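Observations on the model geometry
For reference, the chains in residue letters:
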Amino acid sequence: MNELLGITQREQEQDLFTQKQTLLGIVAHPDHEILMFGGLLHRIKRSCPESRIYIVYMTVGDTSDLSINGFSSSSDRIQEIKQVSSLLKYDDWEIAFPGNEYHLLLDQVPPKKLICKIEGYIDKWRPTILITHQFPDYNQDHRAVALAAVTATRPAPSEHKPEIRFSWGGEFSGNVTYGITEPMVPNIFTEISVEDLA
């Protein structure tokens, strides 16, 4: 589509990394922004320090996991968020629906409630870039967030909604083998360096 408009991927990337951007990451749970697009977050800040990064964790709760203890409490996860946000220089972050009432249950939250919450963050931070989950995902929270984020970014007159120039679904590595539908075919690749992954 962009090639039809005379805009190449190289020109898009140059624009992405040389101009101030406001990136909004909408993720279901803590650490997903790192797993899906951590290198991109670092590159955007490294390339243009004036760029802003905001992350919304749709829910944080107690969870069984692969940590040494086999369990992480929501307070453990919030401490991890604080450490990562400081390291990667997030400008702000929020938890949309904290607590076990919502954790791993976002598919049971009315879609309009999720959409309105995301629209509130879009109005608040006015992103030029939005990154979230992809639709073909094995986790019900990820799918609910992806659908709500796409709906929240539907076209509207500029006086009602900021222009989001880039809207991406980040790849979650587990989906490569465990996706519940056909995997999405990547259509844009962004070069990141070893420094961006460190």
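Section: the sheet that holds strand β1 (residues 22-27)
One key point about sheets: their strands pair by backbone hydrogen bonds, in either a parallel or an antiparallel sense. With respect to topology, five strands assemble into an open sheet ordered β5-β2-β1-β6-β7, the strand pairing being parallel. Bordering the open sheet on either side are β5 (92-98) and β7 (166-170), each of which pairs with just one other strand. The sheet shows a mean angle of 15 degrees between the axes of neighbouring strands, taken without regard to direction. The sheet contact formed by β1 and strand β6 (residues 129-133) spans three bridges and is parallel. Opposite G25, over in β6, you have I131 as the bridge partner.

Some thoughts on the packing of aromatic side chains
Each aromatic ring pair is described using two quantities: the centre-to-centre distance and the angle formed by the ring planes. Under the criterion given, the structure shown has four aromatic pairs. Aromatic side chains Y54 and W125 sit 4.5 Å apart centroid to centroid with 10 degrees between the ring planes, which places their arrangement in the stacked category. Highlighted residues: Y54 in strand β2 (residues 52-60) and W125 in helix α4 (residues 111-125), separated in sequence by 71 residues. Across this residue pair, the class does not change: Y54 and W125 are buried. Ring geometry for Y57 against W93: centres 6.2 Å apart, planes inclined by 75 degrees, an arrangement best described as edge-to-face. Of this pair, Y57 sits in strand β2 while W93 is found in strand β5, placing the two residues 36 residues apart along the sequence. Using a relative accessible area of 0% as the deciding quantity, one classes Y57 as buried. A connected cluster of aromatic rings, assembled from ring pairs, spans Y54, Y121 and W125. Over the ring of F17 we find R43; its NZ or CZ atom is 3.6 Å from the centre of that ring. Between the NZ or CZ atom of K117 and the centre of the ring of F97, over which it lies, the distance is 5.4 Å.

With respect to α4
In this model α4 runs 21 Å from its N-terminal to its C-terminal C-alpha over 15 residues, within 8% of the 21 Å that 1.5 Å per residue would give. On its buried side, α4 packs onto β1, β2, β5, β6 and α5 (140-152). Positive backbone phi, approximately 50 degrees, marks R126, located one or two places after α4.

Digging into the pattern of salt bridges
Inspection of every chain in the model, using the stated rule, returns eight salt bridges. Here E80 and R77 are joined by a salt bridge, their closest N and O atoms 2.9 Å apart. Taken as a pair, E80 and R77 lie in helix α3 (residues 74-87) at a separation of three residues, close to a single helical turn. Accessibility expressed as a relative area gives 34% for E80, which makes it partly exposed. By relative accessible area, R77 is classed as buried at 10%. Salt bridges sharing common partners tie together D31, R77 and E80.

What counts, and at which threshold
- Residues numbered from 1 in each chain as written.
- Predicted model: local features only at pLDDT ≥ 70, side-chain atom pairs only at ≥ 80, totals over all residues.
- Heavy atoms only, no water.
- Pairing = 2+ DSSP bridges.
- Helix = DSSP H or I, 4+ residues; strand = E, 2+ residues; numbered from the N terminus.
- Axes fitted to C-alpha atoms, helices over the stretch in contact; angles between N-to-C directions.
- Phe/Tyr/Trp six-rings, centres within 6.5 Å; stacked < 30°, edge-to-face > 60°.
- Buried < 20%, exposed > 50% of the residue type's maximum accessible area, 1.4 Å probe, protein only.
- Lys NZ or Arg CZ within 6 Å of the ring centre and 35° of its normal.
- Expected span 1.5 Å × (residues − 1).
- Contact = heavy atoms within 4.5 Å.
- Salt bridge = Lys/Arg side-chain N within 4 Å of Asp/Glu carboxyl O.

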